[in-house]
Each structure stands twice: as structure tokens, then as C-alpha cells.
Amino acid sequence: MKRAEEASRFSPYNAVNMLKHYTADSFRVERDRNLYTLLISENIHRMGITEADDSAIAECRLYYGKHHDKRYYGRALLHNGITLYSNGMRYRAIEMIKQAEHEASGSDNHNFVYDLNDILGMINNQSGNNKLAMTYYRKALAAAKSASNPTLTVKALNRLADTFDAAGMPDSMYKYIEECRKIHIEDNEQYAAMLTNDAAYRLYIRDTVRAEKLLRKAQSVFTLYKTQKLTGDIYAGQGHMEQACSLWYEAIFSPQPDIGIAACHNLTDHFNKTGQYKRAAYISQKLNTIYENTYLSNNTLEIAYVQTRYDNMAAERQARRIQTVNLSAMALLAILILTFIVYHHRRIKSINNRYSSELLLYNMTCAELEKLQHQKEKDNVLIADKMKEIDRLQQRLAEYHDDRCRPDNWNMKEQILQAPEVMRLHSMAARNKKASDEDWAGLYRLATTWLPELMSRLNNTDSLNIKETNVCLLIRLRFIPSEIAILTDMSPQLITNMRVRMLFKIFGERGGARDFDSRIRNI
């Protein structure tokens, strides 16, 4: 684990790879189990992966807090907060991350300080608080430089350039691009981000030719949403609207709200001008979703208030500590003076002062503990209710399928299940409308991205016609028979016969329609 911790400074992938043959239960000593949990959580977060459950890292945090291990306690607080934030518990998460910031004061672990300021910068950036985001990204940059880590340095520079770009400050943005150019960049994603930011600056100064060359070079290295959006803007300026719309479509799914919003506006304007009102309405819905997710879930004022409140509380605690020290000093001085007068009076006053201070501290601690226990009970009840509700819904969804398979066993990623193309087809089936060519085209693009093995299998089966291919995709995506009948405009019996034929065409086997469903869902 020490080797993995050392490797994680420069490559979280290598650190996770070194620990992949172990679990927390592989270690008998509690200290080692908690270090393993912390290292796994820390490095998967650095890889951009989120955790669905914070129970393990929360237990790790409590362990280090109980043992007053300052070296690891701040890191456990940080990654517990990141897990809570990714699961929607934003205000509790921010308070925990701010507590980690307090623990990081004076820390010589530059990677930890970088992670802390990077996530605080991201939180404020997503909530639209660019000024505070820049402050934290600058701190992250300083930590990366102190760690002599070129990968983290480039990442911090790109984040600052992105933030200044979103704020419409090209001159400040270019300062960080120039600094980034001086570093040998090995990470493809960060190199592409640097090229894309350079292209964004070129567009600010109307050097479109240079911008286009930079974007093409970035696309050859690593595909980024921002790259696609800016390339789409250039194509639009050249009158190539079909290529522009295709790239804007990709950009609307960017996790950076400013990119997704700009792409949605571009598409909506184009579709309205060309009379494609249905498409414009769909993009408008997507735009509303981005606004809701960005500004309702990440209210700028509320997030800023949570941070300010914690900072004020920390300042108050510090002031109380200073005040206590001052009072103690005054009391000590009084005691020393009174020593020369009456020893008995000095002793009585000293005892009374200590008792009063400790009683006050005791009462405050009891009140804090009661508040924390009450909040924990409420959280546990809410989590239990949500878990029961999810279990009931999974059971009800399973009843619609012949194999009675629950959603958690559907062999399908949530990105596919929740994709706009899939949800639109479910909605159309519910309204008794058959799918259009545009709907099928969108479904094909989705399947090509997320189910490449299935599309390869279907494309290599020469005897399949379009309707059979459509039925295959709908079955794989867990559409129920009644939905398939509406969307394909065919009778249920005809679809059943088609499934039996395709079992032989695709797999060379004979059997029933359910046999075909089982085979196609396993690809």
C-alpha cells in the first residue's frame, strides 16, 4: 500500500492497478483496512469515477477522526465529501470539504492540497461563481507546482483558462495558455484541452484559420465537448450547417453547463430559422434540463452561503480559542498578583474559573452532539425510504418483461437507459405513435456508441432487413412487446414470428421468441 500511495502522486491508474487483487477484508489490521479504503477512493476520484455509496469512506473518516490522525483525516473528509456531492447531497458535502480545507492548513501533502482546491474550484465553477472558482484553481495550481507534478500543473492551467473563457476574459485566459505551452504535456486529454483553449482565444481575436487548425489537431489527440462545440461554430460561420449541427449535438451533453447551453442556443436558433420546429422544441427541452440541473441544483447564492457560513464558524471557533487563551492569561496574571496577597483566595478563584470554563465547554459539546445525532437519524431514515422505493420500482418494472428480470440485471448502462433517444421512444409508444426515421437514426447512433458489439453483429448479418434490425435494438434496450408493436407499426404476432426467424439468421439456432430475446440481450 505504501508503494501504491507513492505511485498515486503521478498515476492514479497505476495505484489502483497495484491494489486490484486486494479488498479491504484482505487486511487484518484495522489501520491497514482504512488506508486501503482511502487509497481506492482517492485514486478513483482522481480518475474521474464516482462512488454510489459513501459507507466505506465514511467509516474510514470516522476511524481517522477518532484516532486524531491529522495526516489522513483531512483526505478522508475530502473524499467522503466528494462522494456525497456526486450523489446529490451537496450542502452536507460542501461542509465536509470545507472541514477538509481547515484540516489541510499547513499540510505538506501537495497532492491532497491540489485535490481539495480542484474540487472546490469545480463546485463553484458549476454553480456559476467564477470568481471563487478562480481563487481555488489558483491554489490548486500552486499546489501542483509545489508537488513538481507537470500533469496536475497542466490540468490546473487548463481549468483556469476554461474559467476565464466562460467569464469572457480572453487576455487572462491567454496568460495561462502561454504558461501551459512551456510544459511538456504527456496526457492526451490535457494536451487536447490546451489546444482547444488556444483555439478559443484565436476565435476571440478573429483568427479563424489558426483556430480551425488547432481544433483539428485537438480532435486527432482526444475528443472534448468544448472542441466539438467550437468546431461547430467555425463550420456554421463557413455555411456548413449540417456538420455544425452534428458537432453541436455532441456538445449539448457536456458536463460544463456553459458549453451545453451555448450549443443548445445555436441549435435552437438554426432550427427555428429553417422551420424545423419539432427539433427546436426538443433542444429547448434539453436546454431547460441543463438550466434546472445547473442553477436549481447548484444555486450560486446558497452554495456561497454554505461556504461563507463554514468560514465564519471556523473564524468564530478561532476567536473563541484566542479569547479563551486571553482570559486564561489574564486569570493567570491575576493569580500571580493575588499570590502575594492571599494564597487561599488565589486557589479558590483558580478552581472556580477552571470549573466555569469546562462546564461551558461541556454544555456546548453536548448540544453539538445532540444536533449531530438528530441529523444522522434523519439521514438514515431518508436513505432507507429511498432504497425501499427503488426496490419496489425495480420489482414493478420486472413484471412487464417475460423473463421477470429487474433493471439492475438488465446488462445495460444508465447512460443508455436514460438517453434522450430511448426516453423519447418510450414516450411515443405511450402516446400510441410509431417511430419516425429520425428517431431510428438517433437510436442507431446511440447503439453504435454504447453497444458496438451488437451493431457489429447486426451489420455483419446480411439477411437482416431494416425492420428486423429495429426490433433487435428495441428488444436489447428492454422495450416491452406492446411498445415494440406501436413503434414498428407491426402486429405482436408478426413480431413474434420475426424473432423466431432472427434466432436462426443471427445465431444459427432454432427455438422460440424468448430464446432470441435472451441471446440478443446478452450482447
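Residues numbered from 1 in each chain as written. Predicted model: local features only at pLDDT ≥ 70, side-chain atom pairs only at ≥ 80, totals over all residues. Heavy atoms only, no water.

A.B. asks: I tried to follow the overall build of the protein on my own but got confused; where do I start?
C.D. replies: Secondary structure assignment for the protein yields 26 helices and 0 strands. Counting every position in the protein, which comprises 523 residues, the buried fraction comes to 40%. Once local pairs closer than 6 in sequence are excluded, the contacts in the protein between residues at least 24 apart make up 56%. Of the side-chain charges in the protein, 71 are positive and 62 negative, and the distance between the mean point of each set is 2 Å. (Helix = DSSP H or I, 4+ residues; strand = E, 2+ residues; numbered from the N terminus. Buried < 20%, exposed > 50% of the residue type's maximum accessible area, 1.4 Å probe, protein only. Contact = heavy atoms within 4.5 Å. Lys, Arg positive; Asp, Glu negative; His and termini not counted. Charge placed at Lys NZ, Arg CZ, Asp CG, Glu CD.)

A.B. asks: Can you walk me through unusual backbone geometry in this structure?
C.D. replies: Most peptide bonds take the trans configuration, and most residues that are not glycine carry a negative phi. Phi at N432 is positive, roughly 65°, even though this residue is not glycine. In this fold, N432 is placed in the loop between α20 (420-430) and α21 (437-450). Unlike most non-glycine residues, R478 shows phi in positive territory, near 65°. Owing to a relative accessible area of 7%, R478 belongs among the buried residues under this scheme.

A.B. asks: Quick question: what am I supposed to make of the side chain of T37 here?
C.D. replies: Position of T37 among the secondary structure elements: in helix α3 (residues 30-46). Leave out the neighbours within four places in its chain, and T37 touches A24, A56, I57 and C60.

A.B. asks: Looking at this model, I keep getting lost on the pattern of salt bridges. Mind explaining?
C.D. replies: Pairing is possible between side chains of opposite charge, provided their charged atoms come close. This structure, assessed with the given rule, holds 21 salt bridges. Among the ionic pairs, K229 bridges to D233, the shortest N-O distance being 2.7 Å. In this pair, K229 and D233 both sit in helix α13 (residues 225-237), 4 residues apart, roughly one turn of the helix. The exposure class of K229 is buried, given its relative accessible area of 15%. (Salt bridge = Lys/Arg side-chain N within 4 Å of Asp/Glu carboxyl O.)

A.B. asks: Would you explain the packing of aromatic side chains in this entry?
C.D. replies: The geometry of an aromatic ring pair is captured by the separation of the ring centres together with the interplanar angle, meaning the angle of the planes. One pass over the structure, following the stated rule, counts 8 aromatic pairs. With 5.7 Å between their ring centres and 40° between their planes, F27 and Y36 make a pair best called tilted. One aromatic cluster is present, built from ring pairs that chain together Y22, F27 and Y36. Note that R90 overlies the ring of Y85, its terminal NZ or CZ placed 4.7 Å from the centroid. (Phe/Tyr/Trp six-rings, centres within 6.5 Å; stacked < 30°, edge-to-face > 60°. Lys NZ or Arg CZ within 6 Å of the ring centre and 35° of its normal.)

A.B. asks: Please explain the packing of helix α12 (residues 208-221) against α13 as it appears in this structure.
C.D. replies: Helix-helix packing: each pair is described by the crossing angle between the helix axes and the interaxial distance. Orientation of α12 relative to α13, taken along the N-to-C sense of each, is 140°, at an axis distance of 10 Å. When the interaxial angle is binned, α12 and α13 end up oblique. By crossing handedness, the relation of α12 to α13 is classed as left-handed. On α13, the residues that touch T208, A211, E212, L215, R216, A218 and Q219 of α12 are T227, Q228, L230, T231, I234 and Y235. When grouped by side-chain class, the residues that make up the contact of α12 with α13 number 6 nonpolar, 5 polar and 2 charged. (Axes fitted to C-alpha atoms, helices over the stretch in contact; angles between N-to-C directions. Parallel < 35°, antiparallel > 145°, perpendicular 65-115°, else oblique. Left-handed = near helix turned anticlockwise from the far one by under 90°. Nonpolar A, V, L, I, M, F, W, Y, C, P; charged D, E, K, R; others polar.)

A.B. asks: Help me understand helix α10 (residues 170-181), please; the structure alone is not making it clear to me.
C.D. replies: Think of an α-helix as 3.6 residues a turn; residues three or four steps apart then line up on the same face. For α10, which comprises 12 residues, the first-to-last C-alpha distance of 16 Å matches the rise-based estimate of 16 Å (1.5 Å per residue) to within 8%. For α10, the complete set of buried residues consists of M173, Y176, I177 and C180. Along α10, the residues classed as buried sweep out an arc of 105° about the axis, all on the same side. Residues of α10 that are exposed and point more than 90 degrees away from the buried face comprise D171 and K175. (Expected span 1.5 Å × (residues − 1). Arc of directions from axis to C-beta.)

A.B. asks: How should I be thinking about a nonpolar patch on the surface in this particular structure?
C.D. replies: Taken together, the side chains of L333, I337, F340 and I341 define a hydrophobic patch exposed on the protein surface, amounting to about 490 Å² of accessible area. Along the chain, I341 turns up in the loop between α17 (300-339) and α18 (343-398). Take I341: its relative accessible area is 58%, and that puts it in the exposed class. (Patch = residues over 30% accessible without salt bridge, like charges linked within 9 Å, V, L, I, M, F, W, Y side chains within 5 Å. Areas by Shrake-Rupley, 256 points an atom, 1.4 Å probe, with all protein chains shown as cover.)

A.B. asks: Mind showing me how you'd approach the environment of E59 here?
C.D. replies: Within the secondary structure, E59 is located in helix α4 (residues 55-66). With 22 residues separating them along the chain, E59 and T37 place their C-alpha atoms 9.2 Å apart.

A.B. asks: Mind showing me how you'd approach the nonpolar core here?
C.D. replies: One broad rule of soluble globular proteins: the nonpolar side chains tend to lie buried together. By size, the foremost hydrophobic cluster in this structure holds 38 residues, and its most contacted members are L443 and F516. Counting only elements with at least two residues in this core, the list comes to α20, α21, α22 (452-459), α23 (466-476), α24 (481-488), α25 (492-507) and α26 (513-521). It is α25 that contributes the most residues to this core, 6 residues altogether. The contacts of L443, once residues within four sequence positions are left out, are E421, V422, L425, L473, L474 and L477. Membership of the second largest hydrophobic core comes to 35 residues, among which are Y137, Y201, A211 and L230. (Core = buried A, V, L, I, M, F, W, Y, C linked by side-chain atoms within 4.5 Å.)

A.B. asks: Where do I start with α3 in this structure?
C.D. replies: End to end, α3 covers 25 Å across 17 residues, agreeing with the expected 24 Å (1.5 Å per residue, within 8%). Taken across its 17 residues, α3 has 12 buried, putting it largely inside the fold. Among all positions of α3, only N34, L35, Y36, T37, L38, L39, S41, E42, N43, I44, H45 and R46 are buried. Those residues of α3 hidden inside the fold are in contact with α1 (2-7), α2 (12-19), α4, α5 (70-86) and α7 (110-126). Just downstream of α3, G48 is the residue with a positive phi angle, here 85°.

In short, shape yes, function no, at least from these values alone.
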